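Below, each chain spelled out in residue letters.
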Amino acid sequence: MKSVGKTFLLAGLVASTLGSAWAAEKLGYLVKQPEEPWFQTEWAFADKTGKALGVEIIKIAVPDGEKTLNAIDTLAASGAKGFVICTPDPKLGPAIVAKAKSHGLKVIAVDDQFVNAKGQPMTEVPLVMMAATKIGERQGNELWAEMKKRGWKPAETAALAITANELDTARRRTDGSMAALKKAGFPAAQIYTVPTKSNDIPGALDAANSMLVQHPNVKHWLVIGMNDNTVLGGVRATEGQGFKAENVIGIGINGVDAVNELSKSKPTGFYGSLLPSPDVHGSKTVQMLHAWVAKGVAPAKFTEVTDAVLITRANFKVELKKKGL
Ligand code: GLA
């Protein structure tokens, strides 16, 4: 028995010695909402890129500030040299940077930009994000195009914009969407904005409900929001208030979070979604961080990922496949 124990101990020692000698570079990838397929896709492509580079990606969910700061400690303790993060709150920026510095870790922000104590963007932290204004404008233009296609009269139509203005990328998307609608000719006075308390379906549903009841005479609704879940919440609210699918047009943003909805046997008011590139966010950030950590190549301070494709029930399978999603 004793010798067996010793053998195990020895095996353990050898394994750990070899392990540290061969230890791969480790990098963290922290995301605020791991339940969103958007972030799951970023993680999947971060992993894939990490494998190709011989880097181990440590993935941690950080739904709040406490978990975020703990995660950074955990990363440091496990020997990671840096991390990519979509912060649960942009205002955590200074705390995240301070904590990372205290451990000598490098940081790249993805999706959501940090803000400092004065509420200004922390442009000194490298950021990879989608072209927010542009994708918002696209949402507005696609809503207008679909409304025209259905022959809806502007006088009988209203737009419900569910906002999250404390998040800059969200504000730019919904602002862009409303601006494009107005530019196309949609009556500005019929665009109603309502803030959501949380960036998920229940939050958006509550927000939308409170606005819909104030406008009982509207026949057709357009639903604007910063991502798929926000628009889905809005569409669920229209259903709850008795609107048929054909009288509602919601177009989301993220694409990968709309797959369940677009797969439903019957169409809903959720017409489609703009699919950007979560795959590029996941792989590019890891490449950049690896180059920084391993070769001292500092990343660009700002990388904007452009181009989005409109996916609907008609084309979503093909379009997702094209991107390997
Ligand atoms: C924000 C949103 C996510 C996703 C990303 C894309 O973080 O909360 O749902 O849209 O932006 O950059």
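Look above for the structure.
Residues numbered from 1 in each chain as written. Predicted model: local features only at pLDDT ≥ 70, side-chain atom pairs only at ≥ 80, totals over all residues. Heavy atoms only, no water.

Asker: Where do I start with the sheet that holds strand β3 (residues 82-86) in this structure?
Answerer: What holds strands together in a sheet is hydrogen bonding between their backbones, with the strands either parallel or antiparallel. Spatially, the 6 strands line up as an open sheet ordered β2-β1-β3-β4-β5-β11, and their pairing is parallel. The open sheet has two free edges, formed respectively by β2 (55-61) and β11 (302-305), since each of these has just one partner strand. Recorded for the sheet is a direction-independent mean angle of 20 degrees between the axes of neighbouring strands. Pairing geometry for strand β4 (residues 106-110) and strand β5 (residues 127-130), over 2 bridges, is parallel. Residue pairing across strands places Val110 opposite Val128, the latter belonging to β5. (Pairing = 2+ DSSP bridges. Helix = DSSP H or I, 4+ residues; strand = E, 2+ residues; numbered from the N terminus. Axes fitted to C-alpha atoms, helices over the stretch in contact; angles between N-to-C directions.)

Asker: I'm lost on the site of the ligand in this one. Help?
Answerer: Inspection of the region around the ligand gives Lys32, Glu36, Trp38, Phe39, Cys86, Asp111, Asp112, Met130, Arg173, Met226, Asn227 and Asn254 as its neighbouring residues. Taking Asp111, its side chain carries an N or O atom lying 2.5 Å from an oxygen atom of the ligand. Here Arg173 contributes a side-chain N or O atom positioned 2.7 Å from an oxygen atom of the ligand. One can see that the ligand is located within the largest cavity. Considered class by class, the residues forming the shell around the ligand number 5 nonpolar, 2 polar and 5 charged. (Near = heavy atom within 4 Å. Polar contact = N/O pair within 3.5 Å; in protein donor to acceptor, adjacent residues only side chain to side chain. 1 Å grid on protein atoms, 1.4 Å probe; cavity = no way out; pocket = protein on both sides within 12 Å on 5 of 7 lines; lining within 4 Å. Sits in = over half its atoms within 2 Å of the grid points. Nonpolar A, V, L, I, M, F, W, Y, C, P; charged D, E, K, R; others polar.)

Asker: Quick question: what am I supposed to make of the pairing of strand β1 (residues 25-31) here?
Answerer: A regular strand carries its side chains on alternate faces of the sheet. The buried fraction of β1 amounts to 6 of the 7 residues, a majority that puts the element mostly inside the structure. Running through helix α2 (residues 37-53), the crossover from β1 to the neighbouring parallel element β2 is right-handed. Pairing analysis gives 4 bridges linking β1 to β3, with the strands arranged parallel. The residue bridging Leu30 from the neighbouring strand is Ile85, located in β3. (Buried < 20%, exposed > 50% of the residue type's maximum accessible area, 1.4 Å probe, protein only. Right-handed = clockwise from strand over helix to strand, strands pointing away.)

Asker: Honestly, empty space enclosed by the protein in this entry has me stumped. Any pointers?
Answerer: Empty pockets left among the atoms are what a rolling probe the size of a water molecule brings to light. Scanning the entire structure with this criterion turns up 1 cavity of 30 Å³ or more. For the lining of the largest cavity, the secondary structure elements donating two or more residues are α2 and α6 (168-184). Taken together, the residues of the lining of the largest cavity sort by class into 5 nonpolar, 4 polar and 5 charged. (Points joined across faces, edges and corners; volume = space filled by probe spheres on them.)

Asker: Help me understand the pattern of salt bridges in this model?
Answerer: Oppositely charged side chains are able to pair whenever their charged atoms sit close together. As enumerated under the stated definition, the model contains 18 salt bridges in all. Glu142 is the partner of Arg138 in a salt bridge, and the nearest nitrogen-oxygen pair spans 3.0 Å. Taken together, the residues Arg138 and Glu142, both in helix α5 (residues 132-149) and 4 residues apart, mark about one turn of the helix. Judged by its relative accessible area of 28%, Arg138 falls in the partly exposed class. Ionic pairing is found between Arg150 and Glu146, a salt bridge with its closest N-O pair at 2.9 Å. Classification of Arg150 by relative accessible area gives partly exposed; the value is 30%. Linked through salt bridges whose partners overlap, the residues forming this network are Asp168, Arg171, Arg172, Asp175 and Glu304. (Salt bridge = Lys/Arg side-chain N within 4 Å of Asp/Glu carboxyl O.)

Asker: What am I meant to see in the layout of surface pockets here?
Answerer: Quantified by volume, the largest pocket comes out at close to 460 Å³. Lining the largest pocket we find 22 residues, and of these Pro88, Pro90, Glu166, Leu167 and Asn199 sit closest to its centre. Partitioning the lining of the largest pocket into residue classes produces 6 nonpolar, 7 polar and 9 charged.

Asker: Any chance you could explain the side chain of Ser177 here in plain terms?
Answerer: Structurally, the position occupied by Ser177 is in helix α6. Under the relative-accessibility criterion, Ser177 is labelled buried at 0%. A polar contact of 2.9 Å, which involves the side chain of Ser177, links it to the side chain of Gln139. Every residue in contact with Ser177, bar those within four places of it in the chain, is listed here: Gly136, Glu137, Gln139, Gly140, Leu143 and Ile224. (Contact = heavy atoms within 4.5 Å.)

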